[in-house]
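Each chain, written out:
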Amino acid sequence: VDPGDQPEGDATAAPEVAVWLATPSEALAREGEALLSAAERERCDRFQHQGARAEFLTGRWLIRTTLGLRLGLSPTEVPICIGEHGALHLRPGTGDEDLRFNLSHTRGLVALAIAAGRAVGVDVEDRERQSGRLAIAERFFAPGEVAALRQVTPEQAFDRFLDYWTLKEAYIKARGLGLAIPLKRFAFELDGPGPVTVRFDPELGDDPNRWSFERVDPTPRHRLALALASRRPPVLTVEWASSRR
Ligand SMILES: CC(C)(COP(=O)(O)OP(=O)(O)OC[C@H]1O[C@@H](n2cnc3c(N)ncnc32)[C@H](O)[C@@H]1OP(=O)(O)O)[C@@H](O)C(=O)NCCC(=O)NCCS
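The following paragraphs examine the structure supplied in this document.

1. Observations concerning the pattern of salt bridges
According to the stated counting rule, one finds 22 salt bridges in the structure shown. Across the salt bridge formed by Asp206 and Arg210, the nearest N and O atoms sit 3.0 Å from each other. In this pair, the class of Asp206 matches that of Arg210, namely buried. It is possible to trace a salt-bridge network through shared partners that takes in Arg127, Asp159, Asp163, Arg215, Asp217 and Arg223.

Have a look at this one:
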């Protein structure tokens, strides 16, 4: 369990999560490149593929400008650290709020989710890049998810697969452990009318009541899922950051 998450209780106000979006572009990549730390520059130099480089740099532009505004720092002063498994966090003691954030990029979209004092994970995927869905599901997803995928129509299966994929990614990213968490060991349940629910194998040592999950289509082409360490569903705002340039 992530240390430092705020205690839950009925008296706790619904937590706020801000999701900021940007479309990767050469213009934003140039702005992002001007803001990089030495370590980020080194990493950026290793990108061979222009598209991946533009996504990375747009992501850094999004993180540095958004968190800079929130913390009252210039974008270059935002102290981004990388954890053991690749998750980003702010240097402890930065600003008054304990801000947590997570980034995701795919072709045509970068998303940044920010929450105060709670673990948060976000994943975005491009519908146009999905292939071999059932084979992937059978290999990686939980048995209950594979069974549910077999029961829906082929048209529904496409959306359902994207739901599972993005929710699973959002959860493992909120935990900060990446693929060290086996994807078969937790299963989302999407058939009921209420909010998304999850079941964890006992070996994961996690409690479904600790989490809220959200799904959003930020563009007709993209699916976004969010995982937040909160029993109470968040008040979610989704905004395009590109508009504030
Ligand atoms: C790295 C991983 C956490 C996310 O990868 P991804 O979905 O390909 O990429 P996303 O764009 O959504 O996320 C990448 C960002 O997540 C962040 N990140 C990296 N490792 C992370 C971790 N362990 N925990 C949380 N966030 C992490 C980083 O900010 C990274 O962006 P950056 O490299 O520009 O800093 C991991 O889940 C992975 O390798 N996934 C591979 C895809 C896969 O097999 N998915 C199965 C889906 S069911």
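2. A look at the nonpolar core
Of all hydrophobic cores here, the largest spans 28 residues; its most connected members are Tyr171, Phe186, Phe188, Trp211 and Phe213. Of all the secondary-structure elements, those providing two or more residues to this core are α5 (143-151), α6 (154-175), β7 (186-189), β8 (197-200) and β10 (222-228). It is α6 that contributes the most residues to this core, eight residues altogether. With residues near it in sequence (within four places) discarded, Phe188 still touches Glu145, Tyr164, Leu167, Lys168, Tyr171, Val196, Thr197, Val198 and Phe213. The next biggest cluster of nonpolar side chains, apart from the first, holds 21 residues, and it includes Ala18, Leu35, Leu88 and Leu99.

3. Examining the layout of surface pockets
One number sums up the size of the largest pocket: a volume of about 630 Å³. Ala87, Leu88, His89, Leu90 and Arg100 are the residues nearest the centre of the largest pocket, which is lined by 27 residues in total. Contributions of two or more residues to the lining of the largest pocket are made by β3 (88-90), β4 (99-106) and α6. Considering each element in turn, the lining of the largest pocket owes the most residues, four residues, to β4. Classifying every residue of the lining of the largest pocket gives eleven nonpolar, eight polar and eight charged. Taken as a whole, the second largest pocket holds about 520 Å³ of empty space.

4. Remarks on the sheet that holds strand β1 (residues 16-22)
Adjacent strands of a sheet pair through backbone hydrogen bonds, lying either parallel or antiparallel. Spatially, the four strands line up as an open sheet ordered β4-β5-β1-β11, and their pairing is mixed. Bordering the open sheet on either side are β4 and β11 (235-240), each of which pairs with just one other strand. Strand-to-strand twist across the sheet, computed as the mean angle between neighbouring axes with direction ignored, equals 15°. Of the strand pairs in this sheet, β1 and β11 are connected by six bridges, and their pairing is parallel. In the strand pairing of β11, Trp20 is matched with Glu239.

5. Digging into α5
When we look at burial in α5, the residues that qualify are Glu145, Val146, Ala148 and Leu149. For α5, the buried positions fall inside an angular range of 160° around the axis, keeping them on one side. Counted as exposed and oriented over 90 degrees from the buried face of α5: Pro143, Arg150 and Gln151.

6. Examining the environment of Thr58
Looking at where Thr58 falls in the secondary structure, it is placed in helix α3 (residues 50-71). In this structure Thr58 comes out as buried when scored by relative accessible area, which is 0%. Along the primary structure Thr58 and Ala29 are separated by 29 residues, whereas in three dimensions their C-alpha atoms are 5.0 Å apart. Sequence-distant contacts of Thr58, that is, excluding residues within four places in its chain, are made with Ala22, Thr23, Pro24, Ser25, Leu28, Ala29 and Val110. Within polar-contact distance, the side chain of Thr58 engages the backbone oxygen of Ala54 at 2.7 Å.

About the thresholds
- Residues numbered from 1 in each chain as written.
- Predicted model: local features only at pLDDT ≥ 70, side-chain atom pairs only at ≥ 80, totals over all residues.
- Heavy atoms only, no water.
- Salt bridge = Lys/Arg side-chain N within 4 Å of Asp/Glu carboxyl O.
- Buried < 20%, exposed > 50% of the residue type's maximum accessible area, 1.4 Å probe, protein only.
- Core = buried A, V, L, I, M, F, W, Y, C linked by side-chain atoms within 4.5 Å.
- Helix = DSSP H or I, 4+ residues; strand = E, 2+ residues; numbered from the N terminus.
- Contact = heavy atoms within 4.5 Å.
- 1 Å grid on protein atoms, 1.4 Å probe; cavity = no way out; pocket = protein on both sides within 12 Å on 5 of 7 lines; lining within 4 Å.
- Points joined across faces, edges and corners; volume = space filled by probe spheres on them.
- Nonpolar A, V, L, I, M, F, W, Y, C, P; charged D, E, K, R; others polar.
- Pairing = 2+ DSSP bridges.
- Axes fitted to C-alpha atoms, helices over the stretch in contact; angles between N-to-C directions.
- Arc of directions from axis to C-beta.
- Polar contact = N/O pair within 3.5 Å; in protein donor to acceptor, adjacent residues only side chain to side chain.

The values reported here are purely geometric and, on their own, carry no functional implication.
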